[in-house]
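Tertiary structure, described
If you want the building blocks of each chain, they are given just below.
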Amino acid sequence: MAAAASEAMTTSLQSIAQSPTEDAFVQSTYAFYDRARALGDLVHWDDYGTVHAFDSATVNQLLRDRSWGRAFSPERSGLTDPHLADFARLEAFSLLALEPPEHTRIRKILTRAFTSRAINALRPFIEATANALLDQAESCSDHSRPYELVGHYAEQLPVLTIAHLLGIPQQMADRMLSWSHDMVAVYQARRDIGIEHRANRAARAFAAYINDILDRQQGTGADTLIGRLLQPDQRGEKLARDEAIATIILLLNAGHEATASAIGNGVNVLLESGLEIMPLLAPDQIAATVEEILRFDPPLHIFERIAMRDTTAAGHEFPEGSTIGLVLASANRDPLIYGNPDHFDPYRDPLPHTSFGAGLHFCIGAPLARLELAIALTTLFRRFPDLSIATPPRYANRYHF
């Protein structure tokens, strides 16, 4: 239905063609976004076969418009094949794939266990973990050889943190990273049959492991996020087992995939900025620096929305079931909102960005991501103030992450 609706839209919308897996595009997405944004509020991206919004006003409006949602459909998600059954089972209970009233109920329970107090209490652990990871870097390096920052630091810090928050053994971090990478690849433009098989195996193994963790923590009163999720609220509501498994896996996947990319992008942006870095990480400046990093080069570039009913957007009609891709990274570089948007300026007057989404599906982990990014950057540059880029970094072929 979405494809047919998109074809109908091409008669009144400008179209643009660009393979999302072409290396030149992956390494320079923002030039393409500039071209697409100039074509109008909505543009048909031929390679996806769907309509996309690239400007800030349209992206923000559609993130909040309740005519558009995220209701799960195996057909719409391309998850009907038997070799994706385990992955689809998790997706059906994912908070990102649900709308009210199910979304409201699950998010309310999750928010109870994901309070700002719980997040702030993680600061000592995150700081200690960051330092421990950099201790390893220091002991393994003679300071004249390159250090692979993403795999050894940017990915490790978030996954160790979310495992600690959930009450999962730290020694499982590498296994969870592997499962997560395999599962998240399904949402990337490079998806193929091999990726789908690996994602399904990972989903099956991940779900079985979390199910075992739930069995072991059930009734223990453990002071972990899982323990709190298992406790009924004042009205006696709690997550069903399938909901709990899907929610925990979503937290683990989302809790480190995007943050790891944000840390890597942030280090790169700071080193290439030409600015004196330590003042940007001072206590009275770090929050603004983090927001500008997230605006300038966010980890997630597209968030899709589904028409929940026949509706209109930017003056165009869309039948129920139509898909629109909201290009968050393009909205963050809209010159109508941000002065000199392609310039990294941590001292600019702060304006809202779309890197965490908006509306009903605003990222529940945003406070944790901001805290991790701030600690990761300040700890790294305090320990290694003369850090420099050994080899020009390249974006991984993981669009739209």
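See above for the structure.
Throughout what follows, the structure given in this document is the object of discussion.

Rules and cut-offs
- Residues numbered from 1 in each chain as written.
- Predicted model: local features only at pLDDT ≥ 70, side-chain atom pairs only at ≥ 80, totals over all residues.
- Heavy atoms only, no water.
- Axes fitted to C-alpha atoms, helices over the stretch in contact; angles between N-to-C directions.
- Helix = DSSP H or I, 4+ residues; strand = E, 2+ residues; numbered from the N terminus.
- Parallel < 35°, antiparallel > 145°, perpendicular 65-115°, else oblique.
- Left-handed = near helix turned anticlockwise from the far one by under 90°.
- Contact = heavy atoms within 4.5 Å.
- Nonpolar A, V, L, I, M, F, W, Y, C, P; charged D, E, K, R; others polar.
- Buried < 20%, exposed > 50% of the residue type's maximum accessible area, 1.4 Å probe, protein only.
- Pairing = 2+ DSSP bridges.
- Patch = residues over 30% accessible without salt bridge, like charges linked within 9 Å, V, L, I, M, F, W, Y side chains within 5 Å.
- Areas by Shrake-Rupley, 256 points an atom, 1.4 Å probe, with all protein chains shown as cover.
- Salt bridge = Lys/Arg side-chain N within 4 Å of Asp/Glu carboxyl O.
- Expected span 1.5 Å × (residues − 1).
- Phe/Tyr/Trp six-rings, centres within 6.5 Å; stacked < 30°, edge-to-face > 60°.
- Lys NZ or Arg CZ within 6 Å of the ring centre and 35° of its normal.

With their axes 12 Å apart at the nearest point, helix 7 (residues 102–113) and helix 15 (residues 241–272) run at an angle of 60° to one another. Classified by the angle their axes make, helix 7 and helix 15 are oblique. The handedness of the crossing between helix 7 and helix 15 comes out as right-handed. Of helix 15, the residues touching helix 7 (which contributes Arg105, Ile106 and Leu110) are Glu243, Thr247 and Leu251. Classifying every residue of the contact of helix 7 with helix 15 gives 3 nonpolar, 1 polar and 2 charged.

Right, let's talk about the pairing of strand 8 (residues 323–327) for a bit. Here strand 8 lies mainly inside the structure; 5 of its 5 residues are buried. The side-chain alternation of strand 8 yields two buried faces, one formed by Thr323, Gly325 and Val327 and the other by Ile324 and Leu326. Of the pairings in the sheet, the one linking strand 3 (residues 50–53) to strand 8 comprises 3 bridges and is parallel in character. Directly across from His52, in strand 8, lies its bridge partner Gly325. Relative to strand 8, strand 5 (residues 302–307) runs antiparallel, the two sharing 5 bridges. From the neighbouring strand, Ile302 faces strand 8, where its bridge partner is Val327.

Before going further, it helps to spend a moment on a nonpolar patch on the surface. The grouping of Leu336, Ile337 and Leu351 at the surface amounts to a nonpolar patch, some 320 Å² of accessible area in total. Inspection of the secondary structure assignment puts Leu336 in the loop between helix 18 (328–331) and helix 19 (366–383). Residue Leu336 is classed as exposed on the basis of its relative accessible area of 79%.

This paragraph deals with the environment of Gly266. Within the element layout of this structure, Gly266 appears in helix 15. Each C-alpha atom, one on Gly266 and one on Asp297, is 7.8 Å from the other, the two residues being 31 residues apart in sequence.

This part takes up unusual backbone geometry. Backbone torsion omega between Pro100 and Pro101 reads 5°, so that peptide bond is classified as cis. Along the polypeptide, Pro101 turns up in the loop between helix 6 (85–91) and helix 7. Phi at Asn340 is positive, roughly 50°, even though this residue is not glycine. Note on placement: Asn340 falls in the loop between helix 18 and helix 19. For Asn340, a relative accessible area of 53% corresponds to the exposed category.

The end-to-end C-alpha distance of helix 19, which contains 18 residues, comes to 26 Å, matching closely the 26 Å that a straight helix rising 1.5 Å per residue would cover. Extensive coverage of helix 19 is indicated by the burial of 14 of its 18 residues.

In a packed pair of helices, the relevant descriptors are the angle between the two axes and the axis-to-axis distance. Contact geometry for helix 11 (residues 156–166) and helix 19: axes closest at 11 Å, N-to-C directions at 130°. Judged on the interaxial angle alone, helix 19 and helix 11 are oblique. For the pair helix 11 and helix 19, the crossing hand works out as right-handed. Listed contacts from helix 19 to Leu157, Pro158, Thr161, Ile162 and Leu165 of helix 11 are Leu368, Glu372 and Ala376. Among the residues forming the contact of helix 11 with helix 19, the class breakdown is 6 nonpolar, 1 polar and 1 charged.

So, on to the packing of aromatic side chains. For the structure on display, the rule yields 17 aromatic pairs. With centroids separated by 4.8 Å and ring planes inclined at 40°, the aromatic side chains of Phe32 and Trp45 adopt a geometry described as tilted. Of this pair, Phe32 sits in helix 3 (residues 29–37) while Trp45 sits in strand 2 (residues 42–45), and the two are 13 residues apart along the sequence. You'll find Phe32 and Trp45 in the same group, each marked buried. On the basis of an interplanar angle of 40° and a centroid distance of 6.0 Å, the ring pair of Trp45 and Phe54 is categorised as tilted. When its relative accessible area of 0% is taken as the criterion, Trp45 is described as buried. Sitting over the face of the ring of Tyr30, Arg333 holds its NZ or CZ atom 3.6 Å from the ring centroid. The residue whose ring lies beneath Arg333 is Phe296, and the NZ or CZ to ring-centre distance is 4.0 Å.

Right, let's get into the sheet that holds strand 5. Spatially, the 6 strands line up as an open sheet ordered 1-2-3-8-5-4, and their pairing is mixed. Here the strands that pair on one side only, and so sit at the sheet edges, are strand 1 (14–16) and strand 4 (68–69). Sitting on the sheet, helix 3 is in contact with strand 1, strand 2 and strand 8, with an inclination near 165° to strand 1. Here helix 4 (residues 56–64) sits on the sheet in contact with strand 2, strand 3, strand 4, strand 5 and strand 8, set at roughly 125° to strand 8.

It is worth spelling out the pairing of strand 5 at this point. For strand 5, the buried fraction is high: 5 of the 6 residues fall into the buried class. Examined bridge by bridge, strand 4 and strand 5 share 2 bridges and lie antiparallel to one another. By the bridge assignment for strand 5, Trp68 is matched with Ala307.

Taken as a whole and judged by the stated rule, the model has 15 salt bridges. Asp135 is the salt-bridge partner of Arg383, the closest N and O atoms lying 2.7 Å from each other. One end of the pair, Arg383, is in helix 19; the other, Asp135, is in helix 9 (residues 123–139), and 248 residues separate them in sequence. Classification of Arg383 by relative accessible area gives partly exposed; the value is 22%.

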